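Next come the chains, spelled out residue by residue.
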2 protein chains.
Amino acid sequence: MSMSHACDHDHDHAHHLDSGRIAARLSEAQRLCEAQGERMTAPRLRTLELILGENAPVKAYDVIDRFHPDGAAKPPTVYRALAFLEQMGLIHRIESLNAFVACQGHADGQVVQPHAAAFLLCDCCGSSEEVAVSLPEIDQQAAASGFETRRVTLEARGLCKACR
Amino acid sequence: MSMSHACDHDHDHAHHLDSGRIAARLSEAQRLCEAQGERMTAPRLRTLELILGENAPVKAYDVIDRFHPDGAAKPPTVYRALAFLEQMGLIHRIESLNAFVACQGHADGQVVQPHAAAFLLCDCCGSSEEVAVSLPEIDQQAAASGFETRRVTLEARGLCKACR
DNA sequence: GGCAATGTGTTATGTAATAACATAATTGCT
DNA sequence: AGCAATTATGTTATTACATAACACATTGCC
Ligand SMILES: [Zn+2]
Ligand SMILES: [Zn+2]
Ligand SMILES: [Zn+2]
Ligand SMILES: [Zn+2]
């Protein structure tokens, strides 16, 4: 469930979304898919539901294990759903954790196309904060090298306010 | 050996270091370790040698497979060496590729402590370019959130000049 | 030499992700 | 409705990536 930790403080600040808020995000996601002619199917919805349930990045195999009330899902079911949700911009993959987190750019109902994002990842409580940043320096370096950037991974690891 | 590709051009621009240049980098690495009271042992040297041999990120299991002339090394041997080399700032882990690349910040013999770096990673030929960037925006965002950053991963994926 | 600290060898296991192919649901067309 | 094409899912098996645990060896110091 939660990541183990050696610190002495608790991690209550890593609060979960309540079920009403999750339901709202799910139907919003469904609308977003339909608006783009994509299908929000049951396994995709279930996968998103499980990721929305945590405010921290979730491992693929945690989704797999919790997928059914009685038993685990098969890995391809979940990995395919994860790929779809990422393409739709509903979740982000966190490369340095091999995990997935719900996009926080849809918070107020606005449609956000797939986008680059930066993350502040707490090594103690596991919490994730998505922040919007522009990257003029790396763009400039890329341009100087004749490099065509397709996507950027930017992840800061450290300690959140509550854990420092 | 090299990564497979569907493009029609060749990847000769992904040239390797010649053996003399590798030897120079290895002895330089050895001096750097000794200067810090660390031991550059045989498996560590061999691991670094194999990584220096490519100008592209190398998979851990590629190192494992090539470690001995006759057979493969055991995974812990190589993973331990990789951890050491990374701590010494001699290699960097590329999170989005699960691979390792030699640090390019030691090129002219200057000692470079473990440092953050950004990478331009070509999805076609697999080449990697290490670039130095400062990150004022993410530092600012982190400060605003009370987040204490320990280390940053910044990887741009795309197409290098030769492959676009 | 005796000891502590560090590094390595070895076996086994744990964790993450995909290939390949069969079946099912959906969509668009007639 | 009937049909074909497309898209999605189910299923089995395999591949790729990484570490735990413990025994043994080496190094440096007293
Ligand atoms: Zn987002
Ligand atoms: Zn925290
Ligand atoms: Zn470097
Ligand atoms: Zn290239």
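Right above here is the structure, for reference.
(A) Up close: the overall build of chain A. Of regular secondary structure, chain A possesses five helices and five strands. Listed N to C, the secondary structure of chain A is α-α-α-α-β-β-β-β-α-β in terms of helices and strands. In terms of overall dimensions, chain A is globule-like: its C-alpha atoms have a radius of gyration of 17 Å, near the 15 Å expected for 164 residues. With the C-alpha coordinates of chain A rotated into their principal frame, the extents come out at 55 × 50 × 30 Å. Per-residue burial for chain A yields a buried fraction of 46% across its 164 residues. The contacts of chain A with a sequence gap of at least 6 include a subset with a gap of at least 24, amounting to 62%. Surface exposure of chain A reaches about 8,600 Å², of which carbon and sulfur atoms provide 50%.

(B) Representation of the interface of chain B and chain A in the model. In this assembly, 36 residues from chain B lie in contact with 36 residues from chain A. Buried area between chain B and chain A, summed over both chains or domains, comes out near 3,300 Å², and the portion from carbon and sulfur atoms is 55%. A salt bridge links Glu148(B) to Arg164(A); the shortest N-O distance between them is 3.5 Å. Elements represented by at least two residues in the side of chain B that touches chain A include exactly strand S3 (118-122), strand S4 (128-131), helix H5 (136-145) and strand S5 (148-159) of chain B. By residue number, the principal contributor to the side of chain B that touches chain A is S5(B), which donates 12 residues. Inspection of the sheet shows strand S5 (residues 148-159) of chain A paired to S5(B) by 11 bridges, in the antiparallel sense. The residue bridging Leu154(A) from the neighbouring strand is Leu154(B), located in S5(B).

(C) Highlighting the coordination of the zinc ion (ligand 2). All names here are of chain A. On the protein side, the zinc ion (ligand 2) has Cys-122 (SG), Cys-125 (SG), Cys-160 (SG) and Cys-163 (SG) as donor atoms, found 2.3 to 2.4 Å from it. For the zinc ion (ligand 2), the four donor atoms in the first shell make angles of 105 to 112° at the metal, so the coordination geometry reads as tetrahedral. The sequence pattern formed by the donor residues of the zinc ion (ligand 2) is C-x2-C-x34-C-x2-C. Separated by 38 residues along the polypeptide, Cys-122 in strand S3 (residues 118-122) and Cys-160 in the segment after S5 bring together distant segments of the chain.

(D) Representation of the protein's contact with DNA strand C within the structure. Surrounding DNA strand C, one finds 17 residues, the nearest of these being Tyr61(A), Tyr79(A), Arg93(A), Thr41(B) and Arg80(B). Taking all atoms of DNA strand C within 4 Å of the protein, the share assigned to sugar and phosphate is 58%. Arg39(A) is positioned with one of its side-chain polar atoms (N or O) 3.5 Å from a sugar or linking oxygen of DNA strand C. For the surface near DNA strand C, the secondary structure elements donating two or more residues are helix H4 (75-87) of chain A together with helix H2 (42-52) and helix H4 (75-87) of chain B. Classifying every residue of the surface near DNA strand C by side-chain character gives six nonpolar, three polar and eight charged.

(E) Representation of the relation of the copies chain B and chain A within the structure. Expressed as a screw operation, the relation of chain B to chain A combines 0.0 Å of axial shift with a rotation of 180°, fitting to an RMSD of 0.0 Å. Those values place the two copies in the arrangement expected of a two-fold rotation axis. Using C-alpha coordinates, one finds that chain B approaches the rotation axis most closely at Leu154(B), a distance of 2.3 Å. Both copies contact each other with a shared surface, as 100% of the interface residues of chain B are interface residues in chain A too.

Thresholds applied
Along each chain, the written sequence defines residue order, and numbers are assigned to residues from 1. Each chain gets a letter, beginning with A, and each ligand a number, beginning with 1, in the order they are written. Given that this is a predicted model, residues contribute local features only at a pLDDT of at least 70 and side-chain atom pairs are listed and counted only at 80 or more, while totals for whole chains, interfaces and linings are drawn from all residues. Derived side-chain values reflect all non-hydrogen atoms in the structure, with water molecules and hydrogen atoms excluded from consideration. By definition, any uninterrupted DSSP run of H or I lasting at least four residues is a helix, any uninterrupted run of E lasting at least two residues is a strand, and each is numbered from the N terminus. Only C-alpha atoms enter the radius of gyration, while the globule expectation follows 2.2 Å times N to the 0.38, with N the number of residues. Exposure classes here rest on a 1.4 Å probe applied to the protein chains alone. A residue is buried below 20% of its type maximum, exposed above 50%, and partly exposed in between. Should any heavy atoms of two residues lie within 4.5 Å, those residues are counted as being in contact. Per-residue accessibility takes into account occlusion by the displayed protein chains alone, with areas from the Shrake-Rupley method and a 1.4 Å probe. Put simply, buried area is the surface a 1.4 Å probe can reach on two separate parts but cannot reach once they are joined, added for both. For salt bridges, the criterion is a side-chain nitrogen of Lys or Arg within 4 Å of an Asp or Glu carboxyl oxygen. Between any two strands, pairing holds if DSSP finds at least two bridges. Donor atoms (N, O, S) are those found within 2.8 Å of the metal centre, with the cutoff raised to 3.2 Å for Na, K and Ca; water is not part of the atom list, so apparent gaps in a site can occur. Labels for metal geometry use angle windows, namely 85 to 135 degrees for all angles of a four-donor tetrahedral site, and for square planar (four donors) or octahedral (six donors) sites opposite donors over 155 degrees apart plus all others within 65 to 115; sites meeting none of these are irregular. Throughout this document, a residue counts as near a molecule or strand when at least one of its heavy atoms sits within 4 Å of that molecule or strand. Two N or O atoms count as a polar contact when they lie within 3.5 Å, although within protein this holds only if one can serve as hydrogen donor and the other as acceptor, and sequence-adjacent residues are included solely when both atoms are side-chain atoms. Each residue receives one of three labels: charged for Asp, Glu, Lys and Arg, nonpolar for Ala, Val, Leu, Ile, Met, Phe, Trp, Tyr, Cys and Pro, and polar for the others, Gly being one of them. Superposing copies: least-squares fit, C-alpha atoms only, residues required to have pLDDT of at least 70 in both.

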